[in-house]
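Examination of the molecular architecture
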Amino acid sequence: MEMTEVTGVSLKRGSLAVEGNDSMAPAEEAKRQKVLDSCLPTGQDGLEHGSPPTSGHVPGPPEAVNAGQGKKNSDVQLEEEEEDGLSEEAEEEEEAESFADMMKHGLTELDVGITKFVSSHQGFSGILKERYSDFVVHEIGKDGRISHLDDLSVPVDEEDPSEDVFTVLTAEEKQRLEELQLFKNKETSVAIEVVEDTKEKRTVIHQAIKSLFPGLETKTEDREGKKYIVAYHAAGKKALAKVRTAADPRKHSWPKSRGSYCHFVLYKENKDTMDAINVLSKYLRVKPNIFSYMGTKDKRAITVQEIAVLKISAQRLAHLNKCLMNFKLGNFSYQKNPLKLGELQGNHFTVVLRNITGTDDQVQQAMNSLKEIGFINYYGMQRFGTTAVPTYQVGRAILQNSWTEVMDLILKPRSGAEKGYLVKCREEWAKSKDPAAALRKLPVKRCVEGQLLRGLSKYGMKNIVSAFGIIPRNNRLMYIHSYQSYVWNNMVSKRIEEYGLKPVPGDLVLKGATATYIDEEDVNNYSIHDVVMPLPGFDVIYPKHKISEAYREMLTADNLDIDNMRHKIRDYSLSGAYRKIIIRPQNVSWEVVAYDDPKIPLFNTDVDNLEGKPPPVFASEGKYRALKMDFSLPPSTYATMAIREVLKMDTSIKNQTQLNTTWLR
């Protein structure tokens, strides 16, 4: 078992495509905008308006889904203010033009401590995520089963209204009802004439209004010989506020015999989990925080995961399949409980590496090594951001209590290209240090910069702590977790350099949730796969060998006290955690296939199988060769780090962009 080191980038490698690069993506995005009127609430400004807060300058790393990382904000309270958002197409176009320049100033693996390999095979070239459909993630639930979308049927329930509720109202009636529901006009009620007056028709209209517009009540009235259904607010704005909370999302009836949560499998293409939930909540006219899930899945992939939603029927959810592009919902069931972050057992990955250069022997050696030894469990590049100011630097400044530096790192002008409005915002900030003036330069206020500037406008420049606190908690904690990950990556590289791939006395292993030291006499009872190393914090112990001193030196150099990781602000106190240093994937299989057309899919998705598409047939010869690999990983491990071990390549976007930027043009 050998260990090798990155000494520089000398191998010829293929490109890592960025989000939005797929040749089909712009067309698909355009189609997605043309949604059916019966689904999207009228008068709302496009799907992106409800996106969660993310930094406007980060065009989303293309690396692997962070399996169950669960660090994204799961209950972001979206602001109610209106914004002049840029169109998704315009943003993508600007992204493509500027991305190569931006990445000249991005991070490489060496910058974040990723320097070692465990296998001895010769690396080879391959293109990762040439198409987002080359990267498929299936969640592994707490029962160990892999999630698949294989059933679109709706559970039969006599309590459900008829399908007519989705079509009985006209677009104009829906708009008037929504304006009434959200108090957007001075009307106190909306009357809808019943054209073909039957009891059944009136019942359907009553059901449609109550189910599609929570907070409204209805009654039937006779006016000049005609029947009208009149919609009104039962008890003013307080009733609307109550009806839209997570605790009480539906004032009207929900069958007592039915579990309060509808669980379903969500299949999505090229959208991250929070974006997907924001789209679903917009179509259903509910708050995003009534949804729950076990792990977040990244954007540039096809992903299949379980979602739970409070008191929304399977019938209403299934109706979304008629309206949404690149989403499919199915495998519905009613349950008593929601899902919780971290409950998953892991994720199963199906990955295609296209245009590989390795011989069959090289591929065989690489995949056997992955199956038998595994890979170093580094935190992947997406943990550290993609711009000239890495997230770990912000995290370090938070831990140092250097709040002016935190503000500066987030807001100051930076090297590399960015979206034009962000450049103008930063220039204004550098010139005037006026948060209100800088904020006016931002059309998208939900990026981290916009949130911080809004906080500075509210609390003033002398209270940066409170201003920073406006950013959602999970987004703030992301910075300090990034710093922990940066330390861990560097320390694990030192540990492997110093002691190789065998356990040594003084290493740490877990017994249950408790870390204990390996003694001299016990060393043969353990393998490298048992060894863990700590993320720095006040509630962990450090190895009893040279690496303990290396932790201390690294934190001291960063003006941090390893013996006092408690912060005066409780949110930023780090308790620490333990992480295995080597991960051996499960259920590993692979095949090399030949193909001629770079655009053809090389395997079937769940949706392909539902539609009865035959699996692709491969010729024995072709212009190109691809490596198709399947493997399962536990939560919070990075598939890109497994792929890095196979190819022996730097997975950073900066390196890939420098090697081959032709795809951007």
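Above this note sits the structure.
Being a predicted model, the structure only gives us computed values, none of them experimental. (Residues numbered from 1 in each chain as written. Predicted model: local features only at pLDDT ≥ 70, side-chain atom pairs only at ≥ 80, totals over all residues. Heavy atoms only, no water.)

**Quick look at the state of the cysteines**
Simply put, disulfide is the name for a covalent bond between the sulfur atoms of two cysteines. Counted only if it meets this: In plain terms, two cysteine sulfur atoms within 2.5 Å form what is called a disulfide here. For every residue, the accessible area (1.4 Å probe, protein chains only) is compared with the maximum for its type, and the residue is labelled buried under 20%, exposed over 50%, or partly exposed between those bounds.
This model, assessed by the stated rule, comprises 0 disulfides. Just so you know, Cys 447 is unpaired, no disulfide at all, and the nearest cysteine sulfur is the one on Cys 425, 7.0 Å from it. Look at Cys 447 and you get buried, because its relative accessible area is 1%.

**With respect to the packing of helix H15 (residues 473-499) against helix H16 (residues 546-557)**
Let me state the cut-off plainly: Orientation is described by lines fitted to C-alpha atoms, with helices fitted over the stretch in contact, and by angles between N-to-C directions that extend from 0 to 180 degrees. Each helix corresponds to a stretch of at least 4 residues labelled H or I by DSSP, and each strand to a stretch of at least 2 residues labelled E; elements are numbered beginning at the N terminus. By the definition used in this description, the sense in which the near helix is turned from the far one sets the handedness, with an anticlockwise turn below a right angle giving left-handed and a clockwise turn giving right-handed. Note on contacts: a residue pair qualifies if any of its non-hydrogen atoms lie within 4.5 Å across the two residues. Each residue gets one of three labels, nonpolar for Ala, Val, Leu, Ile, Met, Phe, Trp, Tyr, Cys and Pro, charged for Asp, Glu, Lys and Arg, and polar for the others, Gly among them.
One way to put it is that H15 packs onto H16 with a least axis distance of 10 Å and a crossing angle of 145°. The interaxial crossing formed by H15 with H16 has right-handed handedness. Along the contact surface, H15 presents Tyr 483, Tyr 486, Val 487, Trp 488, Asn 490, Met 491, Lys 494, Arg 495, Glu 498 and Tyr 499, while H16 presents Lys 546, Ile 547, Ala 550, Tyr 551, Met 554 and Leu 555. Here the residues of the contact of H15 with H16 sort into 11 nonpolar, 1 polar and 4 charged.

**A closer look at the side chain of His 263**
Convention followed: Residues adjacent in sequence count toward polar contacts only when both atoms are side-chain atoms; beyond that, a polar contact is any pair of N or O atoms within 3.5 Å, and within protein one must be able to donate a hydrogen and the other to accept it.
Mapped onto the elements of the fold, His 263 is located in strand E8 (residues 261-269). By relative accessible area, His 263 is classed as buried at 6%. Only 2.7 Å separates the side chain of His 263 from the backbone oxygen of Asn 337, close enough to count as a polar contact. Ignoring any residue separated from it by four or fewer positions in sequence, one finds His 263 in contact with Glu 306, Ile 307, Ala 308, Asn 331, Phe 332, Ser 333, Gln 335, Asn 337, Pro 338 and Leu 339.

**As for the sheet that holds strand E7 (residues 226-233)**
To keep it simple, the criterion reads: Any two strands are treated as partners once DSSP identifies two or more bridges connecting them.
Read from one edge to the other, the open sheet built from 3 strands follows the order E5-E7-E6, with strand pairing classed as antiparallel. Each of the sheet's edge strands pairs with one partner strand only, and the pair in question is strand E5 (189-193) and strand E6 (216-223). Taking the axes of each pair of neighbouring strands and ignoring which way they run, one obtains an average angle of 25° across the sheet. Against the sheet, helix H3 (residues 171-181) engages E5, E6 and E7, with an angle of about 160° to E5. Sitting on the sheet, helix H4 (residues 199-212) is in contact with E5, E6 and E7, with an inclination near 150° to E6.

**A few points about the sheet that holds strand E14 (residues 508-511)**
Overall, antiparallel pairing links the 4 strands, which are arranged E15-E14-E16-E17 in an open sheet. Looking at strand neighbours, the two that pair on one side only are strand E15 (514-517) and strand E17 (577-580), the edges of this open sheet. For this sheet, the mean inter-axis angle between neighbouring strands, taken without regard to orientation, is 55°. With 4 bridges connecting them, strand E16 (residues 531-535) and E17 associate as antiparallel partners. Along E17, the bridge assignment pairs Met 533 with Arg 579. Most of the contacts of H15 go to E16, to which it runs at about 145°, and overall it touches E16 and E17.

**Details of the pattern of salt bridges**
The cut-off we apply is this: Salt bridges are defined by distance alone: a side-chain nitrogen of Lys or Arg within 4 Å of a carboxyl oxygen of Asp or Glu.
The full count for this structure, using the stated rule, is 22 salt bridges. Its salt-bridge partner being Asp 134, residue Arg 354 comes within 2.6 Å of it at the nearest N-O pair. On the criterion of sequence distance, the pair formed by Arg 354 in strand E12 (residues 346-354) and Asp 134 in the loop between strand E3 (127-128) and strand E4 (135-140) is long-range, its members being 220 residues apart. Asp 134 shares its class with Arg 354; the two are buried. One network of salt bridges, in which partners are shared, links Lys 219, Glu 221 and Arg 223.

**Observations concerning the packing of aromatic side chains**
Stated formally: Working definition: rings of Phe, Tyr and Trp (its six-membered ring) pair if their centres are within 6.5 Å, and the pair is stacked with planes under 30 degrees apart, edge-to-face with planes over 60 apart, and tilted otherwise. Remark: a charge is flagged as sitting over a ring if the NZ atom of Lys or the CZ atom of Arg is within 6 Å of the ring centre and within 35 degrees of the ring normal.
Enumeration according to the criterion identifies 15 aromatic pairs in this entry. Here Phe 135 and Phe 349 contribute two aromatic rings whose centre-to-centre distance is 6.0 Å and whose plane-to-plane angle is 70°, an arrangement assigned as edge-to-face. Here Phe 135, found in strand E4, pairs with Phe 349, found in strand E12; they are 214 residues apart in sequence, far enough to count as distant. Exposure remark for Phe 135: the relative accessible area of 0% places this residue in the buried category. Taking 5.5 Å as the distance between ring centres and 55° as the angle between the ring planes, the aromatic pair formed by Trp 403 and Phe 468 counts as tilted. Of this pair, Trp 403 sits in helix H10 (residues 403-411) while Phe 468 is found in helix H14 (residues 464-468), placing the two residues 65 residues apart along the sequence. Considered together, Trp 403 and Phe 468 belong to a single accessibility category, that of buried residues. Grouped by ring-pair contacts, the aromatic residues Phe 384, Tyr 392, Tyr 483 and Tyr 486 constitute a single cluster. For Arg 258, the ring lying beneath its charged end belongs to Tyr 334, and the centroid distance is 4.5 Å. Over the aromatic face of Tyr 379 sits the side chain of Arg 579, whose NZ or CZ is 3.8 Å from the ring centroid.

The analysis is restricted to geometry; functional conclusions fall outside its scope.
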